[in-house]
Structure formats: C-alpha cells, structure tokens
Number of protein chains: 2
Amino acid sequence: MNTTITVSGMTCGHCVSSVKEELAEVPGVESVSVDLNTGGVSPVIIESTRELTSEEIAAAVEEAGYTVV
Amino acid sequence: MNTTITVSGMTCGHCVSSVKEELAEVPGVESVSVDLNTGGVSPVIIESTRELTSEEIAAAVEEAGYTVV
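Rules used in this analysis
The numbering scheme is per chain: residues are counted from 1 as the chain's sequence reads. Chain labels run from A onward and ligand labels from 1 onward, assigned in the order the entries are written. Totals for whole chains, interfaces and linings use all residues, but because this is a predicted model, local features are given only for residues with pLDDT of at least 70 and pairs of side-chain atoms are given and counted only at 80 or more. Heavy atoms from the whole structure form the basis of all side-chain values; hydrogens and water molecules are not counted. Throughout this description, buried means an accessible area under 20% of the type-specific maximum (1.4 Å probe, protein chains only), exposed means over 50%, and partly exposed covers the range between. Strands here are runs of E lasting at least two residues and helices are runs of H or I lasting at least four, both read from the DSSP assignment and numbered beginning at the N terminus. What makes two strands pair is DSSP finding at least two bridges between them. Within this analysis, the arc is defined by the directions that extend from the helix axis to the C-beta atoms. Throughout, a contact is declared for two residues whenever any of their heavy atoms are within 4.5 Å. Computed with a 1.4 Å rolling probe, the buried area is the accessible surface lost when two parts are put together, summed over both parts. Within this document, salt bridges are pairs made up of a side-chain nitrogen of Lys or Arg and a carboxyl oxygen of Asp or Glu, the two lying within 4 Å of each other. Polar contacts here mean pairs of N or O atoms no more than 3.5 Å apart (in protein, one a potential hydrogen donor and the other a potential acceptor; neighbouring residues in sequence count only if both atoms are side-chain atoms). Nonpolar residues are Ala, Val, Leu, Ile, Met, Phe, Trp, Tyr, Cys and Pro. Charged residues are Asp, Glu, Lys and Arg, and all others, Gly as well, are polar.

1. Examining the pairing of strand S3 (residues 41–48) of chain A
Residue and element names in this part refer to chain A.
- Alternating residues of S3 divide into Ser-42, Val-44, Ile-46 and Ser-48, all buried, and Val-41, Pro-43, Ile-45 and Glu-47, none buried.
- For strand S1 (residues 2–8) and S3, the ladder comprises 7 bridges, and the chain directions are antiparallel. From the neighbouring strand, Thr-3 faces S3, where its bridge partner is Ile-46.
- Hairpin connection of strand S2 (residues 29–34) to S3: 6 residues between the antiparallel strands, including Gly-39 at a positive phi of 80°.

Laid out in structure tokens, this is it:
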C-alpha cells in the first residue's frame, strides 16, 4: 500500500537520501520516493507491505533530522 | 597556511560535510571550515601544511558536486 506524507526542511539531494534511508529501515517499507521542493515542503510517497502508523513514520523522519508536517 | 575560497550551491549540513570530506583528502590539508550561507556563496577556509593549487582545490570541490566561484 501507499502512504503519502509531507516533510519540511529538506534542501538538497543529501537531505532526500537521509530521509529515504531512515524510512527504508521501517519494517515493511519497500520503496520511498521524494519530490524535493528545496527549502519548502516535499511530498514523500512510501510503499509498504503493511499499514504504517504515523508515529513510526514521524520517528523515522525525525531520526533523519526533518519534520513531518 | 590558510587558503580561503568561496563555494556555491551548498544548502545544508550534508553539503558542508561533502565538501569538507573531499577537501580533507587533498594531501597536506589539515582542517577545513565552512561558513554556510544556505543557497548562496559560502566561504571555505582550508588549513594545510603546504601551498595548495587552485586546480586541486577546484577538483575536490567539484568531486563533492559544488563549484568554486
């Protein structure tokens, strides 16, 4: 299934990689794609084999140093 | 000795880390400090045991994905 969130604070490809890496470590996550809006809010689409909780998503994004908005 | 350059295109701490890492690999470089101006031009101060050529500095910065201006 797909979950779409929006994440603030990402400014470059390195930021995108950090968020992708942390989300990829959440159990059940198969792929993560990010449509970077530099300095703004960026949509992040997460494909997973199970339903993800907003808490575990937020924890992964925060681990990377960014915020779900 | 100290060499100060200005680098464009860095937007976040990840960008700074990339530039620092590449410059640290140049023989003789002892330390690198960056005063990040997000999205603008950032001064980069390189401390080294020998005189560095602008070519080797530019090559390292470009290896990181940024440009000396």
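2. Describing helix H2 (residues 54–63) of chain A
Residue and element names in this part refer to chain A.
- What H2 keeps buried is the set Ile-57, Ala-60 and Val-61. An end-on view of H2 places all buried positions within 95° of arc, on one side of the element. Across H2 from its buried face, at more than 90 degrees, point the exposed residues Glu-55, Glu-62 and Glu-63.
- If you follow the buried residues of H2, they end up packed against S1, helix H1 (13–24), S3 and strand S4 (67–68).
- Note on H2: the residue one or two positions beyond its end, Gly-65, has a positive phi of about 100°.

3. Looking at the interface of chain A and chain B
- Contacts between the two partners involve 6 residues from chain A, matched on the other side by 6 residues from chain B.
- By the criterion of area lost to chain B, the three top residues of chain A are Thr-11, Cys-12 and His-14 of chain A, representing 75% of everything that side buries.
- At the junction of chain A with chain B, the criterion picks out 0 salt bridges.
- Between the two partners, chain A and chain B, sit 5 residue pairs in polar contact (both at pLDDT 80 or more).
- Here the side of chain A that touches chain B is composed, by residue class, of 3 nonpolar, 3 polar and no charged.

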